[in-house]
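# Results of the structural survey
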Amino acid sequence: MIVAHKSADGRLQPLEEHLRNVAEYAKRFSEVFEAGEYAYVLGLAHDIGKYSAEFQDYLLNEGTGGDHSTAGAKELFRLRMLPASLCAAGHHAGLPDGGGPGDPAGLPTWQGRLKKQVHPYAAYRREITLEAVSRPPEANGFRIAFFTRMLFSALVDADFLDTEAFMQSGAVQRGGYASILSLFDALKQYIDPWLHPQGDVNPINRKRTEILKCCLEAGKGKRGLKSLTVPTGGGKTIASLAFALQHAVQHGLSRVIYVIPYTSIIEQTAKVFRAIVGAENVLEYHANVSFDQQGDDDRKTEKLRLSAENWDAPIIVTTSVQFFESLYANRTSRCRKLHNIANSVVIFDEAQMLPVDYLTPCVRAIWELVEMYGITAVLCTATQPSLGKLFPKTAKIEELCPNTQEMFHFFRRTQLKHIGTLTIEKLAGQMAMQTQVLAIVNTRKQAAELYQALPAGGRFHLSTLMTPLMRRWTLRNIRRRLRQGLVCRVVATSLIEAGVDVDFPTVFRAEAGLDSIIQAAGRCNREGKRPVDESAVYIFRTEERIPPRMQQNVSIFKNEIQLSFSDVASLEAIQAYFDALHNLKGDLLDRKKIVDAFERGRNGCMLPFAQVAKEFRLIEENTKSVFIPLGQRAKRLAQRLQQGECSRSLLRKAGRYMVNVYDQHFQELYRANDLVVVADGLAVLTNLRLYDTKGTGLSLEADAGKALFV
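Conventions adopted
- By convention here, each chain's residues receive numbers from 1 onward along its written sequence.
- Whole-chain, interface and lining totals are the exception, using all residues; otherwise, since this is a predicted model, local features are given only for residues with pLDDT of at least 70 and side-chain atom pairs are given and counted only at 80 or more.
- Note that water and hydrogens are dropped before the side-chain values are worked out from all heavy atoms of the structure.
- Starting at the N terminus, helices and strands are each numbered in turn, a helix being any DSSP run of H or I of at least four residues and a strand any DSSP run of E of at least two.
- Each helix should span, by expectation, one fewer than its residue count multiplied by 1.5 Å.
- Here the term buried applies to any residue with accessible area under 20% of the maximum for its type, exposed to any over 50%, and partly exposed to those in between, with areas from a 1.4 Å probe on protein chains only.
- Strand pairing follows a simple DSSP-based rule, namely that at least 2 bridges must link the two strands.
- Axis definition: a line fitted to C-alpha atoms, over the contacting stretch in the case of helices. Angles run 0 to 180 degrees between N-to-C directions.
- Each reported salt bridge corresponds to a side-chain nitrogen of Lys or Arg within 4 Å of a carboxyl oxygen of Asp or Glu.
- Working rule for contacts: check all heavy atoms of both residues, and any pair within 4.5 Å makes them a contact.
- Angles are sorted into four bins: roughly parallel if under 35 degrees, roughly antiparallel if over 145, roughly perpendicular if 65 to 115, and oblique for all others.
- Each residue carries a pLDDT value, the predictor's own confidence for that position, ranging from 0 to 100.

### Focus on helix 19 (residues 468-484)
- With 17 residues, helix 19 extends 24 Å from end C-alpha to end C-alpha; this agrees with the ideal 24 Å at 1.5 Å per step.
- All of the buried residues along helix 19 are Pro 468, Met 470, Arg 471, Thr 474, Leu 475, Asn 477, Ile 478, Arg 481 and Leu 482.
- Directly beyond the C-terminal end of helix 19, a positive phi value near 75° is found at Gly 485.

Set out below in structure tokens:
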């Protein structure tokens, strides 16, 4: 018997069985984008290198083995199935750069791999027949690359699923989720009291219901590109879900994917969705941990292969970073889920927060998904950016709630006031004079300093230096104190701006782009309980330099909007701000020339998958995850992580105790022996003195004051 896998308990899986299983899976996954037969041949070919005597010796007798991925790439190239050949070459280590015809044998590009000598594998012909399946040629390099990555996703998910089923003896059960129709029924039951209220309804809730009805009706319309422009406080989270589920039922779509700019509000949004459709039907995904394999060694990588998510749940809540970086990734764990984006409704919450440097590749990816992969995309925001002109001229964006002007004026609850420069001490003094007040600053360092300068009683801090569990507890406490009229002075980074449901009488906002300022205003007088002239948002400068990622936004706000508009919060000012932001010249909307790399190649390399994957980072600063083992449950999870366990279930549970830190911070903690690394991008904090459970979370400084006892 020619073997594909050997389990820990000695069971053997026939290679022919594995190839045919993977082919069937890949075919089913790819039919949604009309590539089923093409993917079937890829599934048959991907592991034919395992037919070599050397690889069989490797699996059965722990021999030297070798490369088994190149064989399938060679055969698919012979059949002129070039995207499939690229996928076979990279199905373990990731999609390689295409390279050029002059690449020598052994170079890790696709062209180099095709010239590489491999062990004889002709024995596959006794069990498998490979016949070419052609596809219409594409002149568009970007489109070829996108198709290759979606095909790659179908292959690696198929490969992982069949491997998982064999290794676990079928014990791991996938699927079993409720149908989209039953989720829509659950939603209708949830919103029925709003649609059919008893007694008097206050004006704000009446307007929210009007928005909800608009979205339900719009869900019956055609698939395509949509926008939902609803001011802060208009209930767009539930309204957008209502549109998505109505639309998915109407068109037989597979799932709803909710893309959010910040990890900090993913928990809040996912919690709302779980309350509506059931926790078992919602996947909250924002892992920062990579479990990629580096080569063809099955024995060493099997557990890692089985840890990746494939987004098969009916409702996914994820981050912009995860969504877009996955679309431009080349590694198996990041790409595995991509085919499940097809035939979905994708809601881009707070779409105006997409980084300007990457706006062109993000918009291009959205349109490719709409035009070629059957998604309906919704650009959902309180301050609709002028993204329309960045899409092709043939793209038509349909607004789900057309009466934008009326809603904007109805939900306006604050006035903006500019108060010049404030030191941390002066700002803390002004906040101390208020019973309930929120200050939003631009860096975690500023947030920690301002928090320490406030009176101890009733002060709170919110930043990504806190675990999701601690942020959740802190927000619960903040909301309780706001309701009860107790002292509540909060310092936060911008994470609080994107949809966090809090209502303060006064807000201070450090100088930022107009989009951030409008979002900050959404945390002031949110429920309209106070007069507008008594609900102020104070814009101030700090003594610190504006962070580089914000400088362009701040410059446009100060030099164009403030000088041209007496009311900088008007719809006209907001439109002018985004027009200026998106009219940046040259490569400023695609600073890394990501789209150009696939259209024209780079440095003589065609289809530079590996190069682009390394360069496409929505958050430029490289971050890593630090697990905080505080509490008995967290300590047990830490022990499992340190023992090498890396299951999907474990990573989901561990996410509640993780803090993402920049690489420099991570390295300082590592050099000080304050953490132990358990995987690429994941470590466990060992010096718990560095985590403040009642204040600011993880310290920005490693513990430099250790003593050595001998």
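### Brief notes about the sheet that holds strand 6 (residues 282-285)
- In space, the 7 strands of this open sheet follow the order 6-7-5-8-9-4-10, with parallel pairing throughout. Two strands in the sheet have a free side with no partner beyond their single neighbour: strand 6 and strand 10 (397-399). Strand-to-strand, the axes of this sheet are offset by a mean angle of 20°, without reference to chain direction.
- The pairing of strand 5 (residues 255-260) with strand 7 (residues 315-319) spans 5 bridges and is classified as parallel. Bridge assignment links Tyr 258 to a residue of strand 7, and that residue is Val 317.

### Let's talk about the pattern of salt bridges
- What the rule picks out here adds up to 32 salt bridges.
- The salt bridge partner of Glu 16 is Arg 20, with a shortest N-O separation of 3.0 Å. Within this pair, Glu 16 and its partner Arg 20 are both found in helix 1 (residues 15-30), separated by 4 residues, close to a single helical turn.
- Classification of Glu 16 as partly exposed rests on a relative accessible area of 28%.
- With a relative accessible area of 32%, Arg 20 lands in the partly exposed category.
- Ionic contacts of the salt-bridge type, sharing partners, join the residues Asp 67, Arg 113 and Lys 116 into one network.

### Let's talk about unusual backbone geometry
- We note that Leu 607 has phi near 45°; this positive angle belongs to a residue other than glycine.
- Structurally, Leu 607 can be placed in strand 17 (residues 606-608).
- The phi torsion at Asn 673 lies on the positive side, around 60°, for a residue other than glycine.
- Within the secondary structure, Asn 673 sits in the loop between helix 27 (663-671) and strand 20 (675-679).

### Overview of the side chain of Thr 414
- Of note, Thr 414 is situated in the loop between helix 16 (404-410) and strand 11 (415-421).
- For Thr 414, a relative accessible area of 9% puts it in the buried group.
- Excluding residues that lie within four positions of it along the chain, Thr 414 makes contacts with Ala 521, Cys 524, Asn 525, Val 532, Ser 535 and Val 537.

### Describing the packing of helix 7 (residues 141-167) against helix 15 (residues 359-372)
- One can describe the packing of helix 7 onto helix 15 by two numbers: an axis separation of 11 Å at closest approach and a directional angle of 70°. When the axes of helix 7 and helix 15 are compared, the pair comes out roughly perpendicular. Across the interface between the two elements, Phe 142, Arg 143, Phe 146 and Met 150 from helix 7 touch Arg 364, Ala 365, Glu 368, Leu 369, Glu 371 and Met 372 from helix 15.

### What about the confidence of the model for the chain?
- On average, residues of the chain score 88 in pLDDT, and 93% of them are at 70 or above.
- Looking over the chain, one finds the lowest element-wise mean pLDDT in helix 12 (residues 298-305), namely 44, and the highest in helix 2 (residues 36-45), namely 98.
- Counting contacts from residues 290-306, a segment whose pLDDT is below 50, to residues more than four positions away or on other chains yields 56 contacts.
- Overall, residues 704-710 carries pLDDT values under 50, and its contacts beyond four positions in sequence, including any with other chains, amount to 3 contacts.

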